[in-house]
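# A closer look at the structure
One letter stands for each residue in the lines below.
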Amino acid sequence: MSRPIQARIDLAALRHNYLLARRQAAPARIWAVAKANAYGHGLLRVAKALEDVADGFALLDLADAVRLREAGFRQPILLLEGFFDPDDLTLCAEYGLIAAVNRFEQLQMLRAAALPVRLPIYLKLNTGMNRLGFQPEEMPAVRRELALTPSIGAITLMTHFAEADGGRGIDWQVERFRRVLADWPEAAGFPVSMDNSAAMLRYPKTTGDWVRPGLILYGGSPFTDEDAASLGLKPVMTLESRILAVQEIRTGERIGYGGDFVAGKPMRVGVVACGYADGYPRHAPSGTPILVDGQRSITLGKVSMDLLACDLTDLPEAGIGSPVVLWGEGLPADEVATAAGTVSYELFCALATRVPGVESAEKVGRREK
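Each value, and the rule that gives it
Residues numbered from 1 in each chain as written. Predicted model: local features only at pLDDT ≥ 70, side-chain atom pairs only at ≥ 80, totals over all residues. Heavy atoms only, no water. Salt bridge = Lys/Arg side-chain N within 4 Å of Asp/Glu carboxyl O. Helix = DSSP H or I, 4+ residues; strand = E, 2+ residues; numbered from the N terminus. Buried < 20%, exposed > 50% of the residue type's maximum accessible area, 1.4 Å probe, protein only. Contact = heavy atoms within 4.5 Å. pLDDT = per-residue confidence, 0-100. Polar contact = N/O pair within 3.5 Å; in protein donor to acceptor, adjacent residues only side chain to side chain.

A separate point is the pattern of salt bridges. Pairing between side chains of opposite charge can happen when the charged atoms of each approach one another. Enumeration according to the criterion identifies 18 salt bridges in this entry. Of the charged contacts, one joins arginine 3 and aspartate 278 as a salt bridge, the two residues approaching to 2.8 Å between their closest N and O atoms. With a gap of 275 residues between them, arginine 3 in the segment before strand S1 (6–9) and aspartate 278 in the loop between strand S13 (267–272) and strand S14 (289–292) connect regions that are remote in the sequence. Judged by its relative accessible area of 0%, aspartate 278 falls in the buried class. The partner of aspartate 52 in a salt bridge is arginine 15, with the nearest N and O atoms 2.8 Å apart. Placement of aspartate 52 in the loop between helix H3 (43–50) and strand S3 (56–59) and of arginine 15 in helix H1 (residues 11–25) is noted, with a sequence separation of 37 residues between them. Accessibility expressed as a relative area gives 17% for aspartate 52, which makes it buried.

So, on to the environment of glutamine 135. If you trace the backbone, glutamine 135 turns up in the loop between strand S6 (119–124) and helix H7 (139–147). What makes glutamine 135 partly exposed here is its relative accessible area of 27%. C-alpha of glutamine 135 to C-alpha of tyrosine 18: the two residues are 117 residues apart in sequence and 32 Å apart in space. Apart from the residues lying within four places of it in its own chain, the contact partners of glutamine 135 are Asn126 and Asn130.

Turning our eyes to something else, we now look at the confidence of the model for the protein chain. Per-chain confidence: the protein chain averages 94 in pLDDT, with 97% of residues scoring 70 or above. Counting contacts from residues 362–369, a segment whose pLDDT is below 50, to residues more than four positions away or on other chains yields 17 contacts.

Relative to the helices and strands, serine 322 is located in the loop between strand S16 (308–311) and strand S17 (323–327). According to the relative accessible area criterion, serine 322 is buried, its value standing at 6%. A polar atom in the side chain of serine 322 sits 2.8 Å from the backbone nitrogen of glycine 319. Not counting residues up to four positions away in its chain, the partners in contact with serine 322 are Ser241, Arg242, Ile243, Val292, Asp293 and Glu317.

Following this line, the structure appears as structure tokens:
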């Protein structure tokens, strides 16, 4: 018998979230961001579920883009960090990919390449995120390089918002973006892609031509002051397991490595088949929420590699074999992440390969608009 842990993936919820994003962003088109194995949900599984509704897929790894093409996907595919080596350009051209360009070395590789087609690019401007992208003062040199590079096809301008989910907002970055356009008249007709999940929801007037939602597709909220349910989102991943053992402990006894948790009364403790080697955050403290038999409880003590403990004292019907939800349906991943001092992005992406992913039994609908 296999170990009783799995990640149940609700593809109907995924489609619901995508279509919600489509309504919110209309008339802009949507890149379904599926990097990091579709945020841990399974790249091909997610792509197949969205195949008939997705405008395009945005990825990080060239190998993932090739996988999608060889699996038969014909939508536009955007490489969010572009290419890293001149040989990558040959594959970009062969598989009809769109590459982000964010530094001069990439422009130089493009100029030196003898490509059989003109490669469409997303030219990334650094408007304040200060990770990747060209600074506004670099744009005259960038424009000269573009003019000398015949292998570049259609250009889309992109940037990334740093604080769309915070008090500072996006206006300051939008203004920097507009100043670049003011000094580049030829770019007035270029398509624009700026919005991530937070900006798309909170600042719909900046959607531009393409938006790039990631977290909201998988049912997480990009905000600390609004939960996913209030945004109309449904959880896609439910990490579930079972109770393996029950311990009866006395007042003063300790639980787990280091004995961090000390029982203040007699307690029933459930031992769950889930640990940090499965992707559950090791730093999650005692008191992190958990569902046992559909009822809320809390974790106790340090998370081990393969196991964690939870409080069954007030759940007399719970015992060996009782179902447990670590996050997902009935227990928002955002709530678990907050208790663990992290974000739901990390929970999803950290899911270990040893945890089997299974599709929800609910039949996935088709041709929703």
